[in-house]
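Spelled out, the chains give:
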Amino acid sequence: MKPRIHYTKPTITRLEIDNVNDAVANGWGENCYSYINLFEKKVREYLDVKFAIATSSCTGALHMGLAALNLVRGDEIILADTNWIATVSPISHLGLTPVFVDVLPDTWCLNPEMVKKAITPRTRAIIATHLYGNLCEMNELQVIADQHNIILIEDSAEALGSVFHGKHAGSMGKFAVFSFHGTKLITTGEGGIFVTNDEFLYEKVLTLSNHGRSRFEKKQFWPEEIGFKYKMSNIQAALGCAQIDRLEELLDRKREIYEYYKSCFKNISQIEMNPEFPGTINSYWMPNIVFTRESLIKYDLLRNNFNAENIDARPFFSPLSGLSMYKPQVANINSWDLPGRSINIPSYHDISVAEMDRVAEVIIRTLNER
Ligand SMILES: *Cc1c(COP(=O)(O)O)cnc(C)c1O
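Conventions and cut-offs
Residues numbered from 1 in each chain as written. Predicted model: local features only at pLDDT ≥ 70, side-chain atom pairs only at ≥ 80, totals over all residues. Heavy atoms only, no water. Helix = DSSP H or I, 4+ residues; strand = E, 2+ residues; numbered from the N terminus. Buried < 20%, exposed > 50% of the residue type's maximum accessible area, 1.4 Å probe, protein only. Contact = heavy atoms within 4.5 Å. Pairing = 2+ DSSP bridges. Axes fitted to C-alpha atoms, helices over the stretch in contact; angles between N-to-C directions. Polar contact = N/O pair within 3.5 Å; in protein donor to acceptor, adjacent residues only side chain to side chain. Right-handed = clockwise from strand over helix to strand, strands pointing away. Core = buried A, V, L, I, M, F, W, Y, C linked by side-chain atoms within 4.5 Å. Near = heavy atom within 4 Å. Areas by Shrake-Rupley, 256 points an atom, 1.4 Å probe, with all protein chains shown as cover. Nonpolar A, V, L, I, M, F, W, Y, C, P; charged D, E, K, R; others polar.

Colleague: Requested: an account of the side chain of Asn111, with residues and values cited.
Modeller: By the secondary structure assignment, Asn111 is in the loop between β3 (97–101) and α5 (112–118). By relative accessible area, which is 14% here, Asn111 ends up buried. Excluding residues that lie within four positions of it along the chain, Asn111 makes contacts with Val101, Asp102, Val103 and Leu104.

Colleague: Describe the sheet that holds strand β4 (residues 123–129), listing the residues and the values that go with them.
Modeller: Read from one edge to the other, the open sheet built from seven strands follows the order β1-β9-β8-β5-β4-β2-β3, with strand pairing classed as mixed. In the strand order of this sheet, the two ends are held by β1 (51–55) and β3, each with one partner. The sheet shows a mean angle of 20 degrees between the axes of neighbouring strands, taken without regard to direction. Where helix α7 (residues 199–209) meets the sheet, it contacts β1, β8 (175–179) and β9 (192–196), and its direction lies at approximately 20 degrees from that of β1.

Colleague: Talk me through the environment of Asn234; I want residue IDs and the actual numbers.
Modeller: On the secondary structure map, Asn234 appears in helix α8 (residues 234–245). The class for Asn234 is buried, based on a relative accessible area of 6%. Between the C-alpha atom of Asn234 and that of Tyr35, which follows or precedes it by 199 residues, the distance is 5.4 Å. Dropping the residues within four chain positions of it, Asn234 is found in contact with Ala23, Gly27, Asn31, Cys32, Tyr33, Ser34, Tyr35 and Ile36. Among the polar contacts made by the side chain of Asn234, one reaches the main-chain amide nitrogen of Ile36 at a distance of 3.2 Å.

Colleague: With reference to specific residues and values, describe the pairing of β4.
Modeller: Within β4, six of the seven residues are buried, which leaves it mostly tucked inside the rest of the structure. The pairing of strand β2 (residues 76–80) with β4 spans four bridges and is parallel. Its bridge partner being in β4, Leu79 is matched across the sheet by Ile127. Examined bridge by bridge, β4 and strand β5 (residues 151–155) share five bridges and lie parallel to one another. Residue pairing for β5: Ile127 is matched across the bridge by Ile153. Read from β4 through helix α6 (residues 138–147) to β5, the crossover connection turns out right-handed.

Colleague: Please set out the nonpolar core residue by residue, giving values where relevant.
Modeller: Counting residues in each nonpolar core, the largest one holds 60 residues, and the members touching the most others are Phe39, Ile126, Leu160, Ile193 and Val195. A per-element tally of this core places helix α2 (residues 34–47) first, with six residues. Not counting residues up to four positions away in its chain, the partners in contact with Phe39 are Ala54, Phe180, Thr188, Ile193, Met232, Ala237, Gly240 and Cys241. Ranked by size, the runner-up nonpolar core spans 30 residues in total, among them Ala68, Val88, Ile127 and Val205.

Colleague: Help me get a handle on the site of the ligand, residues and values and all.
Modeller: Taken together, 13 residues are adjacent to the ligand, and Thr59, Asp155, Glu158, Ser179 and Lys184 come closest. In the model, an oxygen atom of the ligand is placed 2.5 Å from a nitrogen or oxygen of the Thr59 side chain. In the model, a nitrogen atom of the ligand is placed 2.7 Å from a nitrogen or oxygen of the Asp155 side chain. Burial of the ligand by the surrounding chains reaches 91%, relative to a free accessible area of 380 Å². Elements that contribute at least two residues to the shell around the ligand include exactly α3 (58–67) and α4 (85–93). Of the residues in the shell around the ligand, the class split is four nonpolar, six polar and three charged.

Right, here's the structure in full:
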């Protein structure tokens, strides 16, 4: 068996190890929040946003952000059918109704025309997920949100480092959430962050994140409402501080990996990859290959060939509406069709050229075999 090629994994250097050792040894007592405060500051500065709250996961950050909007059972939230489960589970936990909308064929993100059609008097928010580093059509979505007086939220878990006409992914919506899970561009082991420019919303989420205890309450142990406990630890934040200091390096490497793959497939018209439109920067967090319909690629053959080569390539997200908890929305043509002819290819930062060649070889061979 050839050596395994992993799909993603973090890069850990002396900097991360020293930070974490320092947090474990010294990050207690009066220093118990020092790395958390520093990490939040670094994220705010990088994204150019006013407020940030580090959390134990992106899912938790989204749960609190949605809870802070004071919505009621049956209120509708629009999101792309193509999504990770984490984007919808907080909606369902809060008793809100997810409305799954189709994605565009090239960005694999929300189709604004379909968003317009999905709006009803009960629509309260749109969650724009920037998939695999690709950017949503933020201008069009913001116009729709403003016209209908609804909130635009960014799920930027996969798009740290992507830029839309001078603005960072995660700095444009009413609020945004990021993930620092071990598969993401930077990691804290597990972790996430809530960011916003809205001071009122920030205060509300801060109270929620503290078990419902307001920072202005003089009495100790005195919650004013039922809140949450989704905090990031100081030790995790120490790891995050080192990772964010290396963000440009990690981002450059993701872009280099994408460009290398792109060059491997430059003469193959049946292959499309993550797009980058003028005025935008794609972090290329996850290089994804979409085979054209005409290629007649069989996903099962592709997967078997990758398995035989001991390469961890992953499927494109299945439509959430196809899960047993929801009602199938088969009219979402792209969301339902893309998984059958797409695959995520390995892109961990330390991947070698020889390994990328092994990945490309499987793809080209499968195209010729089909
Ligand atoms: C990873 C991911 C999340 C969830 O992140 P966690 O930190 O694991 O909670 C949410 N949305 C998207 C699009 C993701 O890729």
